[in-house]
Structures are given as C-alpha cells and as structure tokens.
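If you want the building blocks of each chain, they are given just below.
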Amino acid sequence: MAQKGVQLDEEAFSCSICLDLLKDPVTIPCGHSYCLNCIKTHWDEEDGKKLHSCPQCRQTFTPRPVLMKNTMLAGLVEELKKTGLQAAPADHYYAGSEDVACDVCTGRKLKAVKSCLVCLASYCEKHLQPHYESPAFKKHKLVEPSKNLQENICSHQEEVMKMFCCTDQQCICYLCSVDEHKGHDTVSAEAERTERQRELEGSRQKIQQRIQDREKDLKVLQQEVEALNRSAEKTLEDSEKIFTELIRLMDKRSSEVKQQIRSQQETEVSRVKELQEKLEQEITELKRKDAELEQLSHTEDHNQFLHNYPSLSQLSESTHTSSINIRPLRYFEDVTAAVSELRDQLQDILRETWTNFSSLVTQVDVLLLDPQAEPKTRAGFLKYSRELTLDPNTVNKYLLLSEGNRKATVMSQKQSYFRHVDRFTDWFQVLSRESLTGRCYWEVEWRGTGVDVAVTYKNISRAGSGDESLFGYNDKSWALSFFQNSYKFCFNNIKTPVSGPQSSRIGVYLDHRAGILSFYSVSETMTLLHRVQTTFTQPLHAGLCLLGYASTAELCKLPSSRRHSKTVC
C-alpha cells in the first residue's frame, strides 16, 4: 500500500508550508494536514485576529482548534520513508525569480538544467530524461538553461529562426527569407555565427596584446619611480652637504630647496602611481571584457550569440598610448649644480638666480606620454596655462604698464621708471617677471599697428637699437611678428613667412624640455601658425615688442580648461 502511494503522488505526503516531508503530522478540521510545528507557528501569527485559518483552503475556525497528532498519517509517512519515498526537493532545487524554470513541472517548478532549441522548452533533471533515453529526441539541440528561447521564434511566421539576413543584420526564419527578405543576402545562423566567432577571436587577440603592452608599461613605470627616487635622494644628500657650508643667511634657502624637491618628488611619483593605477584598471577591464567574449564564444545558441555579439564585440578606445615613452633625463642633478653655483656667487644668485631653483625642480617631469604630442583642443592647452605678469624692471620707458602689470601700451612720452640695468633702452619691449620651464601655455591679446610675441633667454642684450636686443634677431630669442597684415617668424635674424588667419589673440605653447615652441591664432578655432623644434639651454621668459604708437598687448587671464573645447586646425 505504501509503495502504491509513492507511485501515486509523493507530494501528497509533504507539508504545504515547509514543502518538506511531514513531521509529526496533524490534521485540522477542514481535512488538510501539516507538520505540527508549521501549523502552530502559522496560527501563533494569527492570534491577534481571533480567527485561525487553513493555509490551503482559507477556512476559518473559532476558537483555535486543538491539534492532535494523526497517528495513521504519521505511521504511513514512516512506512513510506522505509520504502524509498524522499523528502520534497530542498529550496535550492526550486526555481527562483532569477532562475530558468522547468516548463513541464506543475505547481512549484524545479530549476531547469537544460533548454532544448528544437522543443523551445526547458527541463529539470527528471523531465529531461526522455531527451537522453528516447531516439525521437536524438537530433534535438540541448544548451544551458535559457530564459530567451522565445526570442528564437519569428514574430511574423511563428517559426524557429535558423537564418540570418546580412542585409538587415537580423535573425529570420526560412519563410521570411523567401518572403519579406526575398532578394536579401541571407546565410544560415550557424554560418554567420562562425564568421562572427572569427571576429571575436580577433578582438580577443587585440585585447591580449593590449594587456601585454600595459603590463610592459607598468614595468617601465616602476623602474622610472625607482630611478626618480634614487636621484631625488642623492640630490637631497648633496645639496644638504653644500648648504651646511653656507653662512646662516642660507639656512632658509636650504629649507626651501629641500621642500621643493620633496614636493616635486611626491608630485611626480604620485603622477606615475596614478597612471599605474589607470593601467591596472584598464588591464582589469580588458580581462573582464576578454572573459565576457570568451563566455560568448562558448554560447551554443547561435541566435543568442548573434543577439549579444554587437553589444559585447565593440572595444572601447584605449585611455592611454600603446607604450610609455620616457627620455633619459637627469632628474634633480641640475639642482645640485645650482646650489654649488650659489655657494660661489652668493649675493648675485640671491638677487637674480634664486627663482631658477624652483624652475629646475619643476623641470623634473616624468615624461609619461609621447613628448611630441601637443594638446588637441584649447581645453587641453589650458591645462598648462601660466598666469604671467610683465616685469617693470625690463619695460621700455615708452611703455605704460597697467591691468596689474599684464598690459603694455606705447605712449608718446617717457614714463617715470627707475633706472635699472635690465631695462630695454631702445626697442618697445618688455619681459615677463616669471621664467618658463616645463610645459607652459599663455595667450596675448593685442591692438594697433603690430606686435612681436616672443620667448627669450634672460641674458638677451637690453641696450642699443641693434639686432642683439631685438626679439628674433639674435640666437637668444624666438619671435612671431604680425605687421602690415602678415605674419613672419624670426630667429637669429632669419625671417620665415607664416600664413594663417589674422587674429587679435595669439596663443603660445612651450614644451621646454622637448624643445617645442608653437604659436596659434586663437578665435572660434585654434589654428597653428608656426612650430619650432629646437633645444633650449636656459629657462625662458615671455616677451612683447610693440610696433607702433598707441599699440597695446596684454597677457590674458585664461579661463578654466573645463569650459573650452576649441579644436586645433
């Protein structure tokens, strides 16, 4: 009798509350049976309502029924256990909201273990057995459980889509290939999957190559950090020895140099570390992408492969160049040389050359990217913008400084400047107070007859009307000149005609270490006027030369780089 019960319905001996085999079964007045603890817990929660109901038929009872063990049912359950009846599947065998459910199970469905692309149905382990045992299912295609089987059915013909229309880039059924897609380039879904699989493998090869490149870059960066730290430590040691030989007046300077070196060391190491982290993140993302593509490559359902391929096959643009390009350089050694020079020329260096220390320290700029690469937008240039002012000690006496020493205007009468050895005596010229090293960008707004926008070494001659003191006419200065509606570039008295749109604003980009000096016409777009590739041997200063009375030129206050994206032509 018990064995017959097993054959009839195993679920008949399970509690509908816990879904497990009945334990201490009790039968309530409506005839339904439950585990003693399950129904007690259920009714305990209902005590506040004064009514007690059956969880299955919802019949209510007042007062709360007295529960008595159903000895016959308990004995039957025990007998059935001995004859092979198993408890109801554990919860983890049942399908949840995120699982694929068996399409054959009734009531609470079990998880599917396979989906059939022919039946377009999913099966649990029990209901899958006919596919393994019956010859009728021999040619059926079993794949991992999928919730998207219905997407394989053509919405127009209600047929399985086994074709792919290359013209419309979509899966179609055979009937659509001879009807709606007649004359289109069509292939089997399997053939298209094979082609896309080859593309996928190509994408994976590119990803793997990029991973190798990034790992190589990380190694280079680590070596650079070590070299940078060694140079910084050695420079600190050498400069400390030199400073201890100086008189008390130099103690303050020693502290400042030490602080600057430490600060720049930390800045550059931080930049390298930041790039290392970005490269590691990119490697992680590439590996994740590779894993997704690998998983996609193993998808057995052609339609699902083709459905998911477009969104997974695209590779994002790399946030970094293919390799780290670092030129050999001498980090902080120049600082040591400058400190030694300070020891020999105390008074002169304290007055004139002190700013060079800061410049030399900031030149330690680990070149992480292509040194020749210039920004592509104005926002990119503005990242290197410098707030420059004009030096009253250098300004010609016929130039009036205003706007916080940023603007120079040619006047008909001399201005009352103090006599100074650095002042230009004949040409209407002026230098910036600040020296320029590293990467710098600034803009000059001008009006009037003409202007020379220049960069120059500080030791350019200041006296006389000859070429030795005029921007661009010696080997110490480089100048872009706009006069009589035309541009020309001058260096060492060699003049080069320059073509480009006329503009009242000139942008200047300097990469001191790379030896790049570029001039741009700035308007709605930025147009390159002239680029110089040379070697700078000293810090530079910005220079302005005004070519006519009432002409003006101003070093512009530049806005935030976030607001501008003018492209470079």
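These figures come from a predicted structure and were not determined experimentally.

Describing the overall build of the protein chain
Then, in step 1: The helix and strand inventory of the protein chain stands at 11 helices and 23 strands.
Then, in step 2: Here the protein chain holds 569 residues, and the buried ones make up 43% of them.
Then, in step 3: Long-range contacts, defined here as pairs at least 24 residues apart, represent 63% of the contacts in the protein chain between residues at least 6 apart.

Looking at the pattern of salt bridges
Then, in step 1: Counting across every chain of the model gives 23 salt bridges.
Then, in step 2: Two residues, Asp 44 and Arg 64, come together in a salt bridge whose shortest N-O distance is 2.9 Å. Of this pair, Asp 44 sits in helix α2 (residues 36-46) while Arg 64 sits in the loop between β4 (60-61) and α3 (71-82), placing them 20 residues apart in sequence.
Then, in step 3: One salt bridge connects Glu 237 with Lys 241, and the closest N-O pair in it is separated by 3.6 Å. One end of the pair, Glu 237, and the other, Lys 241, are both in helix α6 (residues 189-243), 4 residues apart, so they sit about a helical turn from each other.
Then, in step 4: Relative accessible area serves as the criterion here: at 48%, Lys 241 is assigned to the partly exposed category.
Then, in step 5: Here the residues in one salt-bridge network are Arg 378, Glu 443, Glu 445, Arg 447 and Arg 505, joined through shared partners.

Some words on the pairing of strand β16 (residues 477-483)
For a regular strand, the rule is simple: side chains alternate between the two faces of the sheet.
Then, in step 1: The buried fraction of β16 amounts to 6 of the 7 residues, a majority that puts the element mostly inside the structure.
Then, in step 2: The sheet contact formed by strand β15 (residues 450-457) and β16 spans 7 bridges and is antiparallel. Bridge assignment links Val 453 to a residue of β16, and that residue is Leu 480.
Then, in step 3: Judged from the 6 bridges that link them, β16 and strand β17 (residues 486-491) form a sheet pairing that is antiparallel. Within β17, the residue paired with Ala 479 across the bridge is Cys 490.

Digging into the environment of Leu 275
Then, in step 1: With respect to the helices, strands and loops of the structure, Leu 275 is situated in helix α7 (residues 251-297).
Then, in step 2: Taking the C-alpha atoms as reference points, Leu 275 and Asp 217, separated by 58 residues in sequence, lie 9.7 Å from one another.

Quick look at the side chain of Glu 192
Then, in step 1: Turning to its location among the elements, Glu 192 is positioned in helix α6.
Then, in step 2: Judged by its relative accessible area of 9%, Glu 192 falls in the buried class.
Then, in step 3: In this structure Glu 192 touches Phe 164, Cys 166, Val 187 and Leu 306, once residues within four positions along its chain are discounted.

Here's the deal with a nonpolar patch on the surface
Then, in step 1: Where nonpolar side chains cluster on the molecular surface, the patch consists of Tyr 174, Leu 175 and Val 178 and spans about 300 Å² of accessible area.
Then, in step 2: Along the chain, Tyr 174 falls in helix α5 (residues 174-177).
Then, in step 3: Look at Tyr 174 and you get exposed, because its relative accessible area is 58%.

Some thoughts on the nonpolar core
Then, in step 1: Grouped together as the largest cluster of nonpolar side chains are 39 residues, with contacts concentrated most on Leu 200, Ile 261, Phe 305, Leu 306, Phe 332 and Val 335.
Then, in step 2: Those elements that place two or more of their residues in this core are β8 (163-165), β9 (170-172), α6, α7, α8 (302-313) and α9 (333-344).
Then, in step 3: Sort the elements by how many residues they give to this core and α6 lands first, with 13 residues.
Then, in step 4: Core analysis: the next-biggest nonpolar cluster, separate from the first, contains 38 residues, Ala 408, Phe 428, Cys 440 and Leu 517 among them.

As for the packing of aromatic side chains
Then, in step 1: Under the defined criterion, the tally for this structure stands at 15 aromatic pairs.
Then, in step 2: The structure contains a cluster of three or more aromatic residues connected by ring pairs, namely Phe 381, Tyr 384, Tyr 441, Tyr 509 and Tyr 520.
Then, in step 3: The aromatic ring of Phe 305 is capped on one face by Arg 193, whose charged end is 4.0 Å from the ring centroid.
Then, in step 4: The ring of Phe 424 carries Arg 462 above its face, with NZ or CZ at 5.3 Å from the centroid.

Remarks on the pairing of strand β19 (residues 505-511)
Then, in step 1: In terms of residue burial, β19 counts as a mostly covered element, since 6 of its 7 residues are buried.
Then, in step 2: Here strand β14 (residues 439-447) pairs with β19 via 7 bridges, running antiparallel. Of the residues in β19, the one forming a bridge with Arg 439 is Asp 511.
Then, in step 3: Relative to strand β20 (residues 516-522), β19 is paired through 6 bridges, and the arrangement is antiparallel.

Digging into the sheet that holds β8
Sheets are built from strands that pair by backbone hydrogen bonding, the pairs being arranged parallel or antiparallel.
Then, in step 1: With respect to topology, 3 strands assemble into an open sheet ordered β9-β8-β10, the strand pairing being antiparallel. Each of the sheet's edge strands pairs with one partner strand only, and the pair in question is β9 and β10 (186-188). Across the sheet, the mean angle from the axis of one strand to that of its neighbour is 35°, orientation sign disregarded.
Then, in step 2: Here 3 bridges tie β8 to β9, and the two strands are oriented antiparallel to one another. Its bridge partner lying in β9, Cys 165 is registered against Gln 170.
Then, in step 3: Sheet strands in contact with α6 are β8 and β10, and its direction is about 90° off that of β10.

Structural notes on the UniProt feature "coiled-coil region" (unreviewed entry) in the protein chain
Then, in step 1: Mapped onto the present numbering, the UniProt feature "coiled-coil region" (unreviewed entry) falls at residues 204-238 and 262-299.
Then, in step 2: Between the first and last C-alpha atoms of residues 204-238 the distance is 51 Å; the span itself is 100% helix and 0% strand.
Then, in step 3: Split by type, residues 262-299 is 95% helix and 0% strand. Its first and last C-alpha atoms lie 55 Å apart.

A closer look at unusual backbone geometry
Then, in step 1: Residue Pro 63 follows Thr 62 across a cis peptide bond; omega there is 0°.
Then, in step 2: Secondary-structure assignment places Pro 63 in the loop between β4 and α3.
Then, in step 3: With phi around 45°, Asp 24 is a residue other than glycine that occupies positive phi space.
Then, in step 4: Examined against the element boundaries, Asp 24 turns out to sit in the loop between α1 (2-8) and β1 (25-27).
Then, in step 5: Its relative accessible area of 43% is what places Asp 24 among the partly exposed residues.
Then, in step 6: At Leu 120, a residue that is not glycine, the phi angle is positive and equals roughly 55°.
Then, in step 7: With respect to the helices, strands and loops of the structure, Leu 120 is situated in the loop between β5 (114-116) and β6 (121-123).

The rules behind each value
- Along each chain, the written sequence defines residue order, and numbers are assigned to residues from 1.
- Per-residue local features of the predicted model are confined to residues with pLDDT of at least 70, and side-chain atom pairs are confined, for both listing and counting, to 80 or more; whole-chain, interface and lining totals are unaffected and use all residues.
- To obtain the side-chain values, all non-hydrogen atoms of the structure were used and water was disregarded.
- Each helix is a run of H or I in the DSSP string that is no shorter than four residues. Each strand is a run of E no shorter than two, and both are numbered from the N terminus.
- Burial here depends on accessible area, computed with a 1.4 Å probe over protein chains only, as a share of the maximum for the residue type. Under 20% is buried, over 50% is exposed, and the range in between is partly exposed.
- Whether two residues are in contact is decided by their heavy atoms: any pair within 4.5 Å suffices.
- Salt-bridge detection follows one rule: a side-chain nitrogen of Lys or Arg within 4 Å of a carboxyl oxygen of Asp or Glu.
- Between any two strands, at least two bridges found by DSSP are needed for them to pair.
- Patch membership needs two things, relative accessible area over 30% and no salt bridge, and members are linked within 9 Å if like-charged or within 5 Å if nonpolar (Val, Leu, Ile, Met, Phe, Trp, Tyr).
- Where accessible areas are quoted, they stem from the Shrake-Rupley method and a 1.4 Å probe; at the residue level, only the protein chains shown are allowed to cover.
- Here, nonpolar core refers to any group of buried Ala, Val, Leu, Ile, Met, Phe, Trp, Tyr and Cys residues whose side-chain atoms link them within 4.5 Å.
- Aromatic rings from Phe, Tyr and Trp, taking only the six-membered ring of Trp, are treated as a pair when their centres fall within 6.5 Å; an angle between ring planes under 30 degrees marks them as stacked, one over 60 as edge-to-face, and anything in between as tilted.
- For a Lys NZ or an Arg CZ to count as sitting over a ring, it must be within 6 Å of the ring centre and within 35 degrees of the ring normal.
- Structural elements are reduced to axes, namely lines fitted to C-alpha atoms, with helices fitted over the stretch in contact, and the angle between N-to-C directions of any two is expressed from 0 to 180 degrees.
- UniProt positions are given in the numbering used here, feature names are shortened, and annotations may be inferred rather than shown by experiment.

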